[in-house]
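# An overview of the molecular structure
Each chain, written out:
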Amino acid sequence: MNRHITESHFAERRKITPGLRPDMTPDDNDRVEIGPTKLAYVEWAAAGIECPDLPRMRLHRRDRIVAALEARGLDAVLLTDPLNIRYATDAPNMQLWNTHNPFRACMVTASGHVALWEYKGLDHLAAHNPLVKEILNGAGLFYFNYGDRTPEVAADFAKAVEGIMARECGRGRRLAVDKMMPVGHAALAACGIGLSDGEEVMEKTRAVKGPDEIAALRCAQHACEQALAEMRRAMRPGMTENDVWAVLHAENIRRGGEWIETRLLSSGPRTNPWFQECGPRVIAEGDILAWDTDLIGCYGMCVDISRTWIVGDAEPTREMVETHQEAWMQVWENWSLLKPGMTLREVSMATRPMPPEFQALKYGCVMHGVGLCDEWPLVKYPDLWVDGEFDSPLEPGMFLCSESYLGRVGGGFGIKLEDQVMITEAGVENLTRCPFDPKLMGGLRDPLGR
């Protein structure tokens, strides 16, 4: 399929347009394109939150990829990671299945040509995005799909890539690839195509968000926090961890969210050490309950925040309160120091020192980027810093999650907190409004009033 569609429709338009939803997508009850539900639109309108212009956002993303290719002297980037494909096309397709069965691929050339290898060559899933110029088939280079014929299919796939590059890039042979199966790499190399790291290209391209991506993240954050409020209202002694976690899943889907990447909710002694996923444990009065959303919400945007609550009407112990207060100060002080131009090393070295009693079980990083998922950049703790890994500056439009987990070795509980913030021209803005448990704050005042 070859599309010849002008891009004039990406120009500025009125926010309320007949036949269109607030995000400038068709108001069609039978459309293929997934997106927010009426509930989400109503909640955003009530909160005064503006929706993104999705056609304009898609153009912005395509143009950022093109600029990244030009800056690196590359002719094209070939993508198989489903989130990179989502970034390039805004056309999801069985995203979780695709993570372990790489049946899709997308190539963006330095000229701006976008080709998508789709399941069975079906074109309807990307029909909403005129930036996708052609749909192909045959990128599913995993054994389940083609068995012992996989090398043969890979050779045909590589010839198709070579043909598009010859047509769109002239004599260009410089191709970046993100996460291609080994058989695909071998077939491309056999064609004489020079391969380089496409993951670096895409991580840094995705790290800085444009105005409509920022609007999409604000929408996703609000929807997630509405879902969390429902989870908090539902939580009570006698429920299982799974019962509580299921509320967040349901409320995310009700608003047009997409999935949750982990099951990081635990209670009581299962909160120490961290990373125990939710299960059938029955929560009891006075238990600590901690969670980390890792939620892919509206517009495919990730909302990654954490809170720790006390279950029921019980009062927390002094140790619980003091641990929560230190965890809050870790999160607050660390994100508050951020500003554009700081290097990741400078951020790491300026973070609040970790008390010795929590050092052994501390979280895996101080901060990480966020967008379509947990993304680059990563800020390590000072004692884990390695020169030459992450020596980049912060830029306006980057989103970071400031995290803290505090638990003592052999302790009966742990505290997990996390806020999602944005680097601005003036400094940093915290987008997170989910309240902290007032009992666990123990009189400590959150300046944002949460």
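Attention in this report is confined to the structure presented alongside it.

With that settled, the discussion passes to the sheet that holds strand β7 (residues 259–260). In spatial order, the strands read β7-β10-β11; together these three strands make up an open sheet with antiparallel pairing. Two strands close off the open sheet at either side, each with one partner strand: β7 and β11 (302–303). In this structure, strand β10 (residues 295–296) lies alongside β11, joined through two bridges in antiparallel fashion. Across the sheet, Leu295 pairs through a bridge with Val303, a residue of β11.

As a further point, take the packing of helix α2 (residues 54–72) against helix α9 (residues 211–234). In the contact formed by α2 and α9, the axes pass within 8 Å of each other and the chain directions differ by 125 degrees. Taken together, the axes of α2 and α9 lie oblique to each other. As for the relative orientation of α2 and α9, their crossing is left-handed in sense. Touching Arg56, Met57, His60 and Arg61 of α2 are Asp212, Glu213 and Ala216, all from α9. Here the residues of the contact of α2 with α9 are counted per class, giving two nonpolar, one polar and four charged.

On to the pairing of strand β6 (residues 194–197), then. Pairing of strand β5 (residues 174–177) with β6, which is carried by four bridges, proceeds in the parallel orientation. The residue bridging Val177 from the neighbouring strand is Asp197, located in β6. Crossover β5 to β6 through helix α7 (residues 182–190) is right-handed.

The subject of this paragraph is α7. Within α7 the residues assigned to the buried category are Gly184, Ala187 and Leu188. The arc that holds every buried residue of α7, seen down its axis, measures 100 degrees, which confines them to one face. In this structure, α7 carries Pro182 and Ala190 as exposed residues pointing more than 90 degrees from its buried face. Against the buried residues of α7 lie β1 (76–79), α6 (150–169), β5 and β6. With its phi angle positive at about 85 degrees, Gly192 sits one or two positions after the end of α7.

Moving on to the nonpolar core. Here is a general trend for soluble globular proteins: nonpolar side chains tend to be buried in one another's company. Counting 69 residues, the largest nonpolar core has Trp44, Met231, Trp291 and Tyr299 as its most contacted members. Ranked by the residues each element gives to this core, the list is headed by α9, at 10 residues. Once residues lying within four places of it in the same chain are set aside, the contact partners of Trp44 are Pro36, Ile49, Cys51, Cys219, His222, Ala223, Cys298 and Tyr299. Membership of the second largest hydrophobic core comes to 41 residues, among which are Trp274, Met354, Cys365 and Met398.

Our next topic: the pattern of salt bridges. Inspection of the entire model under this criterion finds 44 salt bridges. When the shortest N-O distance is used, the salt bridge between Lys416 and Asp292 registers 3.5 Å. Of this pair, Lys416 sits in strand β16 (residues 415–423) while Asp292 sits in strand β9 (residues 288–292); the two residues are 124 residues apart in sequence, bridging distant segments of the chain. Just as Lys416 is buried, Asp292 falls in that class too.

This next bit is on empty space enclosed by the protein. Over the atoms, a rolled probe matching the size of one water molecule traces out where space is still vacant. Inspection of every chain in the model, using the stated rule, returns two cavities of 30 Å³ or more. Looking at the largest cavity, the residues that line it are Asn272, Glu319, Thr323, Phe358, Leu406, Gly407, Arg408, Gly411, Gly412 and Phe413. Tallied by class, the residues present in the lining of the largest cavity amount to three nonpolar, five polar and two charged. In this structure, the second largest cavity encloses a volume near 30 Å³. In this structure, the second largest cavity is lined by Arg61, Tyr87, Arg206, Lys209, Glu213, Gly371, Leu372 and Glu375. Considering only residue class, the lining of the second largest cavity consists of two nonpolar, one polar and five charged.

This next bit is on the pairing of strand β2 (residues 105–109). Consecutive residues of a regular strand have side chains that alternate between opposite faces of the sheet. Burial runs high along β2: five of the five residues are buried. Side chains Ala105, Met107 and Thr109 of β2 all project onto a buried face; the interleaved residues Cys106 and Val108 project onto the opposite face, where all are buried too. Bridge analysis of β1 against β2 gives four bridges, and the strand direction is antiparallel. Note that in β2 the partner of Leu79 across the bridge is Cys106. Here β2 pairs with strand β3 (residues 114–117) via four bridges, running antiparallel.

Moving on, we get to the sheet that holds β6. The six strands are arranged β4-β3-β2-β1-β5-β6 in an open sheet whose pairing can be described as mixed. The open sheet has two edge strands, β4 (132–136) and β6, and neither has a second partner. Pairwise comparison of adjacent strand axes, ignoring direction, gives a mean angle of 25 degrees for this sheet. Most of the contacts of α2 go to β2, to which it runs at about 65 degrees, and overall it touches β1, β2 and β3. Taken strand by strand, helix α3 (residues 82–89) contacts β1, β2, β3 and β4, and its axis lies near 50 degrees from that of β2.

Throughout the structure, instances matching the rule amount to 12 aromatic pairs. Between Phe275 and Tyr363, the aromatic rings sit 5.5 Å apart at their centres with planes inclined by 25 degrees, giving stacked as the arrangement. In this pair, Phe275 is assigned in the loop between β8 (265–267) and β9 and Tyr363 in the loop between α12 (344–350) and β13 (367–370), connecting sequence segments 88 residues apart. Judged by relative accessible area, Tyr363 falls into the buried class, the value being 12%. Grouped by ring-pair contacts, the aromatic residues Trp97, Phe103, Tyr119, Phe142 and Phe144 constitute a single cluster. Sitting over the ring of Tyr381, Lys362 keeps its end group 5.3 Å from the ring centre.

Turning next to the layout of surface pockets. Approximately 370 Å³ is the volume attributed to the largest pocket. Lining the largest pocket are 16 residues; nearest its centre among them are His222, Glu225, Leu431, Arg433 and Cys434. Listing elements by their share of the lining of the largest pocket, those giving two or more residues are α9 and β17 (428–430). Of the voids in this model, the second largest pocket is the one considered here, and its volume is about 300 Å³. Forming the boundary of the second largest pocket are 19 residues, of which Asp81, Pro82, Leu83, Thr99 and Lys179 lie nearest the centre. Of all the secondary structure elements, the ones that give two or more residues to the lining of the second largest pocket are α3, α4 (95–100) and α8 (198–207). Residue classes in the lining of the second largest pocket are distributed as seven nonpolar, five polar and seven charged.

What counts and how
- Residues numbered from 1 in each chain as written.
- Predicted model: local features only at pLDDT ≥ 70, side-chain atom pairs only at ≥ 80, totals over all residues.
- Heavy atoms only, no water.
- Pairing = 2+ DSSP bridges.
- Helix = DSSP H or I, 4+ residues; strand = E, 2+ residues; numbered from the N terminus.
- Axes fitted to C-alpha atoms, helices over the stretch in contact; angles between N-to-C directions.
- Parallel < 35°, antiparallel > 145°, perpendicular 65-115°, else oblique.
- Left-handed = near helix turned anticlockwise from the far one by under 90°.
- Contact = heavy atoms within 4.5 Å.
- Nonpolar A, V, L, I, M, F, W, Y, C, P; charged D, E, K, R; others polar.
- Right-handed = clockwise from strand over helix to strand, strands pointing away.
- Buried < 20%, exposed > 50% of the residue type's maximum accessible area, 1.4 Å probe, protein only.
- Arc of directions from axis to C-beta.
- Core = buried A, V, L, I, M, F, W, Y, C linked by side-chain atoms within 4.5 Å.
- Salt bridge = Lys/Arg side-chain N within 4 Å of Asp/Glu carboxyl O.
- 1 Å grid on protein atoms, 1.4 Å probe; cavity = no way out; pocket = protein on both sides within 12 Å on 5 of 7 lines; lining within 4 Å.
- Points joined across faces, edges and corners; volume = space filled by probe spheres on them.
- Phe/Tyr/Trp six-rings, centres within 6.5 Å; stacked < 30°, edge-to-face > 60°.
- Lys NZ or Arg CZ within 6 Å of the ring centre and 35° of its normal.

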